[in-house]
Amino acid sequence: MFRNVIAAAAVSVLLAGTALAQPIKVGLSGPFTGGSASMGVSMRDGVKLAVGEINKAGGIMGRQIQLIERDDEAKNELGVQIAQELINKEQVVATLGYINTGVALASQRFYQEAEIPVLNNVATGTAISSQFKSPNYIFRTSANDAIQSAMIAAEAVKRQGFKTPAILADSTNYGQLGRQDLTSALAGMGLKPVAEEKFNIGDTDMTAQLLRAKQAGADVILTYAIGPELAQIANGMAKLGWKVPMIGSWTLSMATFIDNAGANGEGAMMPQTFIQTGNTPKRKAFIEAYQAAYKVDRIPSPVSAAQGYDSVYLLKAAIEQAKSTDGGKIRAALENLQTKVDGVVTVYDKPFSATDHEAISGNIPVFGVVKGGRVVVAHPDDIAGDKAVRVKPKS
Amino acid sequence: MQILAQLIASGIAVGMIYGVIAFGYQLTFATSKTLNFGQGEALMLGSLVGLTVVTFTGYWIMLPIVLAFGLLQGAVVERLGVRQAIRTKSEAGWIMATIALGIIFKNLAENIWGRDALKFPSPLPEAPLSFMGVNVLPMEVVIVFGALGMMLLVELFNRRSIYGKAVVATANDRDAAGLMGINTSLVITFSYSLSSMTAAFAGVLVAPVTLTGASMGGALGLKAFAVAIIGGLSSGMGVVVGGLILGITETLTGYYLSTGYKDVPGLVLLLLVLSFKPSGLFGSATIKKV
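Residues numbered from 1 in each chain as written. Chains lettered and ligands numbered in written order. Predicted model: local features only at pLDDT ≥ 70, side-chain atom pairs only at ≥ 80, totals over all residues.

**A look at the overall build of chain A**
Logical step 1: A count of helices and strands for chain A gives twelve helices and 14 strands.
Logical step 2: By the compact-globule yardstick of 21 Å for 395 residues, chain A fits well, its C-alpha radius of gyration being 22 Å.
Logical step 3: With respect to the three principal axes, the spread of C-alpha positions in chain A is 95 × 40 × 40 Å.
Logical step 4: When burial is assessed residue by residue, chain A has 54% of its 395 residues classed as buried. (Helix = DSSP H or I, 4+ residues; strand = E, 2+ residues; numbered from the N terminus. Rg over C-alpha atoms; globule rule 2.2 N^0.38 Å. Buried ≥ 20, exposed ≤ 12 C-beta atoms within 10 Å, placed from the backbone.)

Spelled out as structure tokens, the structure:
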């Protein structure tokens, strides 16, 4: 009899336990196939690594995180469908992801209406975090194009002393908006690019673009494009026997650029929030965990992996502070985070406010350079000593 | 002057790529008055199959394997997509069927090889050759002469061999050829095989310069279609010249006008040809009997 009572009590406790420990559903949207898959897959794997660690340590408030992963194939219309599915059918508490600015802009409207936070961890279009007025549910943990283009211009003109830059950008939104950001950053330094050339996705011959830049006397090429066409630029320069440095947006770190340009791509420089060097214990542990979990030596896109990983810990901190999975409360907590989140990219100390939804400020990224088929730190003194972890200044 | 020469050299290399793909359109159009709209995908499959095989055999032994694959792939397209349409004298059936097959091949390739652009190992050194200040890649020279050589061989085959004569007879008058005892449906299958074979060959020829990947067929196939229209679908010579015209106009416009308008003159030319000489610059006007 007594034993039965204990058994019944145990069962009811267990039942109550499971009722309490409903998993927290978090959406994940990114391209896991297609031209930007290397970024999408690295981001997803970084997110999964963080979720695995959190779940192993007991979850958030005793509840496990359940990721709902969806492949948006970098297509706007698919991104919209996925957003609606994650919001209405899966009822996620927040969504992480977006590699492509177009997909992010098309999809996040639905989260804003449903009052569910989005942590945009890779897409860089400047408009993403300012698409909506406060209360804005869209946050970002990547370096936006305004930051990147300012860095590119400063690196080329101020640090390396180039005087006649040419801009080569693809004809997509990404390339053309980036080109505008770049020209205005250069204008701020009193410079006008000597040539601004355009090409299409899939173009295989860059002779005309490069000759125009060469004839205009360009001493450096600034790029805003994606991997395969960037490789054609590097290969085209080698063909013409004309070699000037390439400095461009973070896509110069894409495996499709590094692998397809080979020796011609060596020396290309780009802003990076994270470079695969274990210069702090935290970063070393992250890189080793990633390599062990996914059996790779070179992380396909280290920046995406690191930003994805950090976005999970930011969400965890916000949910714990809100003590709730209500979208509005998570948003309020993110805008006023009391705990410091020790991430791999940076230490997030009040990363967001009601008006500022950008976790990455202009001082955080450093320049990477392609060397030996990998991205390494371009200027080692940038991350020497106490500059290893670069933190967003207090507003 | 040196710049003009460099632009023309690059234009010729690009133009030959277009021309050799367009040549495949011309082959099937001659025999059956149908086109394989999946020509770009045949090129892409040839180059991806080549990429897989090349790691085991090296570049030169890979070529016959890819050619055999092209022959087979073309026959599949004809049997599945075109034969029914020809039999029922459908005007548009083959258009939809070859487009559909092209999409299927693309999806298949995405699943096997992924969607990233891949590097195709070059059989020749990648350092440029310099002729009087004009730089060209060794592989670009191979593209130009390889494409010309292949087109010449196919033309020779058609004009000199007994099988080729059956192809030409079918091209001239399918019904009459049938009455003379030529198995015209076999000839049509064969012309599709030949067409995909040239595309597959073009694929491994251009891939070291253009990169390869499941999406490489789309843009190139479309450009080649424009070339086939400009040059004339009934003339092998026409597609070569059409390709060169388009390739050279693209690089010249890009340099002298603006790289943003690189594609425009080619398309204007296409419109002009369509309005003033619809059969193409080198095409012979055909009278359609109804």
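**Topic: the overall build of chain B**
Logical step 1: A tally of helices and strands in chain B yields eleven helices and two strands.
Logical step 2: Listing each helix as α and each strand as β along chain B from the N terminus yields α-α-α-α-β-β-α-α-α-α-α-α-α.
Logical step 3: Counting only C-alpha atoms, chain B reaches 60 × 50 × 35 Å along its principal axes.
Logical step 4: In chain B, 75% of the contacts between residues at least 6 apart in sequence involve partners at least 24 apart. (Contact = placed C-beta atoms within 7 Å.)

**Here we look at the interface of chain A and chain B**
Logical step 1: Taken together, the contact between chain A and chain B spans 26 residues of the former and 23 residues of the latter.
Logical step 2: Contributions of two or more residues to the side of chain A that touches chain B are made by α2 (37-56), β7 (195-199), α7 (207-215), α8 (227-240) and α9 (255-261) of chain A.
Logical step 3: No other element matches the six residues that α7(A) contributes to the side of chain A that touches chain B.
Logical step 4: A breakdown of the residues in the side of chain A that touches chain B according to their chemical character gives seven nonpolar, 13 polar and six charged. (Nonpolar A, V, L, I, M, F, W, Y, C, P; charged D, E, K, R; others polar.)

**As for the pairing of strand β8 (residues 220-224) of chain A**
Residues and elements named next belong to chain A.
Logical step 1: With five of its five residues buried, β8 lies for the most part within the structure.
Logical step 2: The sheet contact formed by strand β6 (residues 165-170) and β8 spans five bridges and is parallel. Each residue of the ladder has a partner; that of P165, found in β8, is V220. (Pairing = 2+ DSSP bridges.)

**Some points on the pairing of β6(A)**
Residues and elements named next belong to chain A.
Logical step 1: Burial within β6 is extensive, with six of its six residues counted as buried.
Logical step 2: On β6, burial covers both faces: P165, I167 and A169 on one face and A166, L168 and D170 on the other are all buried.
Logical step 3: With respect to chirality, the unit in which β6 leads through helix α6 (residues 173-188) into the neighbouring parallel β7 is right-handed. (Right-handed = clockwise from strand over helix to strand, strands pointing away.)

**Re the sheet that holds strand β5 (residues 138-140) of chain A**
Residues and elements named next belong to chain A.
Logical step 1: Here we have five strands laid out as an open sheet, ordered β2-β1-β3-β4-β5, and parallel in their pairing. The open sheet has two free edges, formed respectively by β2 (65-71) and β5, since each of these has just one partner strand. Taking the axes of each pair of neighbouring strands and ignoring which way they run, one obtains an average angle of 25° across the sheet. (Axes fitted to C-alpha atoms, helices over the stretch in contact; angles between N-to-C directions.)

**What to know about the environment of A:Q307**
All names here are of chain A.
Logical step 1: Its location among the elements puts Q307 in helix α11 (residues 302-322).
Logical step 2: In this structure Q307 comes out as buried when scored by C-beta crowding, with 31 C-beta atoms within 10 Å.
Logical step 3: When neighbours within four sequence positions are excluded, Q307 is seen to be in contact with M43, N121, V122, T141, S142, T273 and V345.

**Details of the nonpolar core**
What tends to happen in soluble globular proteins is that the nonpolar side chains get buried as a cluster.
Logical step 1: B:I21 and B:I143 are the most contacted members of the largest nonpolar core, which totals 194 residues.
Logical step 2: Among the domains, domain 1 (12-143 + 278-360) and domain 2 (146-272 + 382-387) of chain A are the pair contributing at least three residues each to this core.
Logical step 3: In this structure, B:I21 is in contact with B:Q39, B:G40, B:L43, B:A199, B:A202, B:L220, B:G221 and B:A224, ignoring residues within four places of it in sequence. (Core = buried A, V, L, I, M, F, W, Y, C linked by C-beta atoms within 7 Å. Domains from an automatic or database assignment.)

**Let's talk about the domain arrangement of chain A**
Residues and elements named next belong to chain A.
Logical step 1: When its domains are assigned, chain A resolves into domain 1 (12-143 + 278-360) and domain 2 (146-272 + 382-387).
Logical step 2: Across the boundary between the two partners, domain 1 contributes 13 residues, which contact 16 residues of domain 2.
Logical step 3: Partitioning the side of domain 1 that touches domain 2 into residue classes produces four nonpolar, nine polar and no charged.

**Quick notes on helix α12 (residues 327-335) of chain A**
Logical step 1: Along α12(A), the residues that are buried comprise A:G327, A:I330, A:R331, A:A333, A:L334 and A:E335.
Logical step 2: Buried-residue contacts for α12(A) involve β3 (94-97), β5 and α11 of chain A.

**Points about the packing of helix α10 (residues 236-256) of chain B against helix α11 (residues 264-276) of chain B**
Residues and elements named next belong to chain B.
Logical step 1: At their nearest, the axes of α10 and α11 sit 8 Å apart, and the two run at 140° to each other. Between α10 and α11, the interaxial angle falls into the category oblique. Packed against α10, whose contacting residues are L246, T249, E250 and T253, the element α11 presents V264, P265, G266 and L269 at the interface.
Logical step 2: Split into classes, the residues belonging to the contact of α10 with α11 amount to four nonpolar, three polar and one charged. (Parallel < 35°, antiparallel > 145°, perpendicular 65-115°, else oblique.)

**A word on helix α1 (residues 2-32) of chain B**
Think of an α-helix as turning once every 3.6 residues; residues three or four places apart then point the same way.
Residues and elements named next belong to chain B.
Logical step 1: Between its first and last C-alpha, α1 extends 45 Å over 31 residues, near the 45 Å set by a 1.5 Å rise per residue.
Logical step 2: Counting buried positions over the 31 residues of α1 gives 25, a clear majority of the element.
Logical step 3: Two residues or fewer after α1 comes K33, characterised by a positive phi angle close to 55°. (Expected span 1.5 Å × (residues − 1).)

**Overview of the packing of helix α2 (residues 39-57) of chain B against helix α8 (residues 184-210) of chain B**
Helix-helix packing is described using two parameters, namely the angle between the two axes and the distance between the axes.
Residue and element names in this part refer to chain B.
Logical step 1: Packing of α2 against α8 leaves a shortest axis separation of 7 Å and a crossing angle of 55°. Compared by their axis directions, α2 and α8 come out oblique. The handedness of the crossing between α2 and α8 is right-handed. The segment α2 lies against α8, with Q39, A42, L43, M44, L45, G46, S47 and G50 engaging S196, A199, A200, F201, A202, G203, V204 and A207.
Logical step 2: Tallied by class, residues from the contact of α2 with α8 come to ten nonpolar, six polar and no charged. (Left-handed = near helix turned anticlockwise from the far one by under 90°.)

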